[in-house]
Amino acid sequence: MKTRSLVLTAFALIIATAVSATKIPTLNLIPMENHKALMAFAATKPCKLEVSLKNRFGETVYNKKSENAVDNFKVIFIFTELKDGDYNLSVEMNNCNISRDFKLSPHTITEVG
């Protein structure tokens with residue numbers, strides 16, 4: 001009985017360690033001054049990715065595909081040319097999609113979802 005309990009405890013500890021060590025990709029959209037924002041993406045393993053920015057009508061305003069596998073990607077968006085309204089920023093990699101909805105008013109991020 002003690003052996004069984006010890007094995008189950010060890011197995012649970014191994015699973016808990018593996019789960020806590022798994023890091024999911026992150027996507028941050030950080031407002032800056034002068035109608036700019038920094039988009040920062042980080043992943044645990046290098047992968048090819050596609051970044052797209054779409055308006056509320058689904059029209060693509062910005063699209064960038066990486067040529068090589070990367071584990072982080074940063075870009076500064078300048079919003080002076082965009083109309084105020086709702087936008088969606090998404091990063092697609094390895095059949096996974098991370099997105100952030102945000103609102104521009106006046107040419108500055110006022111809300112990030």
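Look a little higher up for the structure.
Residues numbered from 1 in each chain as written. Predicted model: local features only at pLDDT ≥ 70, side-chain atom pairs only at ≥ 80, totals over all residues. Heavy atoms only, no water.

Next up on the list: the overall build of the protein chain. Secondary structure assignment for the protein chain yields 1 helix and 8 strands. When the helices and strands of the protein chain are read in sequence order from the N terminus, they spell out α-β-β-β-β-β-β-β-β. Put simply, of all contacts in the protein chain between residues at least 6 apart along the chain, 49% involve residues at least 24 apart. Total accessible area computed for the protein chain in this model is approximately 8,100 Å², and 55% of it derives from carbon and sulfur atoms. (Helix = DSSP H or I, 4+ residues; strand = E, 2+ residues; numbered from the N terminus. Contact = heavy atoms within 4.5 Å. Areas by Shrake-Rupley, 256 points an atom, 1.4 Å probe, with all protein chains shown as cover.)

Moving on, we come to the side chain of Ser90. By secondary structure assignment, the location of Ser90 is in strand 6 (residues 85-93). In this view, Ser90 contacts Glu50, Val51, Ser52, Asn97, Ile98 and Ser99; residues no more than four positions away in its chain are not counted.

Okay, the pairing of strand 6 next. When strand 3 (residues 49-55) meets strand 6, the two strands line up antiparallel, connected through 7 bridges. Considered in strand 6, the bridge of Leu53 is made with Leu89. Pairing geometry for strand 6 and strand 7 (residues 96-104), over 9 bridges, is antiparallel. Its bridge partner being in strand 7, Asp86 is matched across the sheet by Lys103. (Pairing = 2+ DSSP bridges.)

Let's shift gears to the packing of aromatic side chains. Under the counting rule described, the total for this entry stands at 4 aromatic pairs. Ring geometry for Phe79 and Phe102: centres 5.7 Å apart, planes at 45°, overall tilted. Placement of the pair is Phe79 in the loop between strand 5 (70-78) and strand 6 and Phe102 in strand 7, with a sequence separation of 23 residues. For the pair formed by Phe79 and Phe102, the shared burial category is buried. Members of the aromatic cluster, connected to one another through ring pairs, are Tyr62, Phe77, Phe79, Tyr87 and Phe102. (Phe/Tyr/Trp six-rings, centres within 6.5 Å; stacked < 30°, edge-to-face > 60°. Buried < 20%, exposed > 50% of the residue type's maximum accessible area, 1.4 Å probe, protein only.)

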